[in-house]
Amino acid sequence: MTTTDVAAQVAADEQTLNQLGYKRELTRGFKTFDNFAISATIINVLAGIFSAFAFGMLAGGPRSLIFGWIAVSVLVLAVGAAMAEIASAYPTSGALYYASARLAKRHKAAWSWYTGWLNFAGQIGGTAATDFAAATFLQAWISMQWPSYSATLHNTVLIAAGLLVVHGLLNTFAVRTVGYINRISVWWLLGGVLIIAGTLAFVPSHHQPANFAGAFVNGTGFSNGLYGGLLGLLVTSWTYTGFDGSFHMSEETQGAATSAPKGITQSIRFSAIFGLVLLLALVYSSQNWAAESKASLPPAQVLVDAVGLGTAKMLMLFPVIALLFCGLANMTSNSRQIWAFSRDGAIPGSSLWHRLSPRTRTPVAAVWLAAGCAIVLTIPGWWNNTAFTAIVSVNVVGLFTAYGIPILLRLRLGSEFKPGPWNLGAKGRPIALIAVVWIVLSNILFMLPQSSPITRDDFNYAPIALAVVLLIATVWWFISARRTFQGPRSTITPQDAVIDPDLM
């Protein structure tokens, strides 16, 4: 696009944002690919599959991992498409909570409040969980390189906190670099998957037979095989979190009403294809499924058994660095949600968290709130190795519930919903219905016991995590927010109709 075309597009975006009630404060430097890149990086099939593969090896085995991936990818695409249609209608950084306010027929502020807080908690959980996982995998790689190194819970927490600080610094002082990193990360994901899959296709002396994809394993401890297999679907659900990042970056994206929806749906399709390639490679190159599933880091053991320690160490660098990219993108998206929520006065100290850096026009204060909250979530890992599971629970249940609320409200609105330029036409309502049903079912799975016997070390903290978030939001709502929070606030004044050339 020429400079003139970009200026015309930004002007059109400005008009759309004005109609939604906001003046433009952020720089629109993201193009369609950049918007896609942030969601693809947050979903991050390398990071998600490698960190959840161990659970899938025992919960359904190859059958749940492969066929579960295909089935759940289709269902998540329905969720993404339903969200994309809403993003096209309301392309704002407030994203889900803004849409809930616009789509609700009654109690608009309450719907917006709960959606925003679930989204906030889910995003904080995602930022914390990703860097916690990155610290775990980084230590695993160090142990492979230097066997004398002993990974500990204390080191995991310290490394995770250090990574969160580094990601905060990058989002503060190297904003343009963060944009470049997000673009690079997509190619890193693509290259990493193809290199790992190619190596596992040609180097191992032995591969599993074709029918191994149908092999079923139930190592969950539950006697009901169907239940064990359904739990295996959580591998895919855990991987597919964070595609709302494209929605949250709307106010920094050119042509957001079409670019953000494309970013959401294309990132899911991209992840579905290359995630399946990676899963097939790992499953078929397994040399001893039973033994590998009991290793301290099963996917790393699969690589070591298949291609040897030296090559495995090289291949493990791909998911380790992918996790670092993922953590950075999570924090970027997280900070935009905090900034937008603060713009509408929904967070204590909103005037602080809504400030923009005069140098970069980015929400630096919100970045550090995201980093600080994520560090707090990792602290219990100092004493208890179930901390990661609890953090993941906050991430997945919080996010998918926040995804489901505006989609449900769009269903209830029926023909009164006014779609944007990117829409599903007559398929919109049935796809939204499929999305809501899947979100309900997957949330139930996430809150059920995931192994037996149930002990302190493997207790599923998801119901407690969700209850805590909802309790805090409810108490706060009835104490003060129902009187002070009216939903999204208009920031438009007559002079704001003029485009500031510094924001071009």
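Residues numbered from 1 in each chain as written. Predicted model: local features only at pLDDT ≥ 70, side-chain atom pairs only at ≥ 80, totals over all residues. Heavy atoms only, no water.

> Can you tell me about the nonpolar core, naming the residues and giving the values?
Grouped burial of nonpolar side chains is what soluble globular proteins tend to show. Phe53 and Phe243 are the most contacted members of the largest nonpolar core, which totals 155 residues. No other element matches helix 6 (residues 108-145), which puts 19 residues into this core. With 5 residues, the next largest nonpolar core counts Phe30, Ile38, Ile42 and Ala329 among its residues. (Core = buried A, V, L, I, M, F, W, Y, C linked by side-chain atoms within 4.5 Å. Buried < 20%, exposed > 50% of the residue type's maximum accessible area, 1.4 Å probe, protein only. Helix = DSSP H or I, 4+ residues; strand = E, 2+ residues; numbered from the N terminus.)

> So what's going on with the packing of aromatic side chains? Which residues, and what values?
All told, the structure shown has 25 aromatic pairs when counted by the stated rule. Centroid distance Trp117 to Phe120: 5.0 Å. Interplanar angle 70 degrees. Geometry classified as edge-to-face. Placement of the pair is Trp117 and Phe120 together in helix 6, with a separation of 3 residues, close to one helical turn. The class for Trp117 is buried, based on a relative accessible area of 12%. (Phe/Tyr/Trp six-rings, centres within 6.5 Å; stacked < 30°, edge-to-face > 60°.)

> Residue-level account of the confidence of the model for the protein, with values.
Summary statistics for the protein give a mean pLDDT of 89 and a share of 96% for residues scoring 70 or more. Note that residues 497-504 has pLDDT below 50 and, in this model, 17 contacts with residues that lie over four places away or in other chains. (pLDDT = per-residue confidence, 0-100. Contact = heavy atoms within 4.5 Å.)

> Please give an account of unusual backbone geometry that cites residues and values.
Following Ser452, the chain continues to Pro453 via a peptide bond in cis, the omega torsion being 0 degrees. Following the sequence through the fold, Pro453 ends up in the loop between helix 19 (428-447) and helix 20 (462-484). In this structure, Asn44 takes a positive phi of about 50 degrees despite not being glycine. Asn44 gets classed as buried once you look at its relative accessible area, which sits at 1%. In this structure, His107 is a non-glycine residue whose phi angle is positive, near 55 degrees. Following the sequence through the fold, His107 ends up in the loop between helix 5 (95-103) and helix 6.

> So what about helix 20? Which residues, and what values?
The largest bend in helix 20 comes to about 65 degrees, at Trp477. Taken as a whole, helix 20 has its buried residues at Ala462, Ala465, Leu466, Val469, Ala473, Trp477 and Ala481. (Bend = angle between axes of the 7 residues up to and from the residue.)

> Tell me what's going on with the state of the cysteines, and back it up with residues and numbers.
Put plainly, a disulfide is one covalent bond tying together the sulfur atoms of two cysteines. One pass over the full model with this rule turns up 0 disulfides. The cysteine Cys326 is free of any disulfide, with Cys373 supplying the nearest cysteine sulfur at 18 Å. (Disulfide = S-S within 2.5 Å.)

> I'd like a rundown of the side chain of Ser271, residues and numbers included.
Its location among the elements puts Ser271 in helix 12 (residues 256-284). Exposure remark for Ser271: the relative accessible area of 1% places this residue in the buried category. Excluding anything up to four places from it in sequence, Ser271 contacts Ile43, Val45, Trp69, Tyr240 and Leu276.

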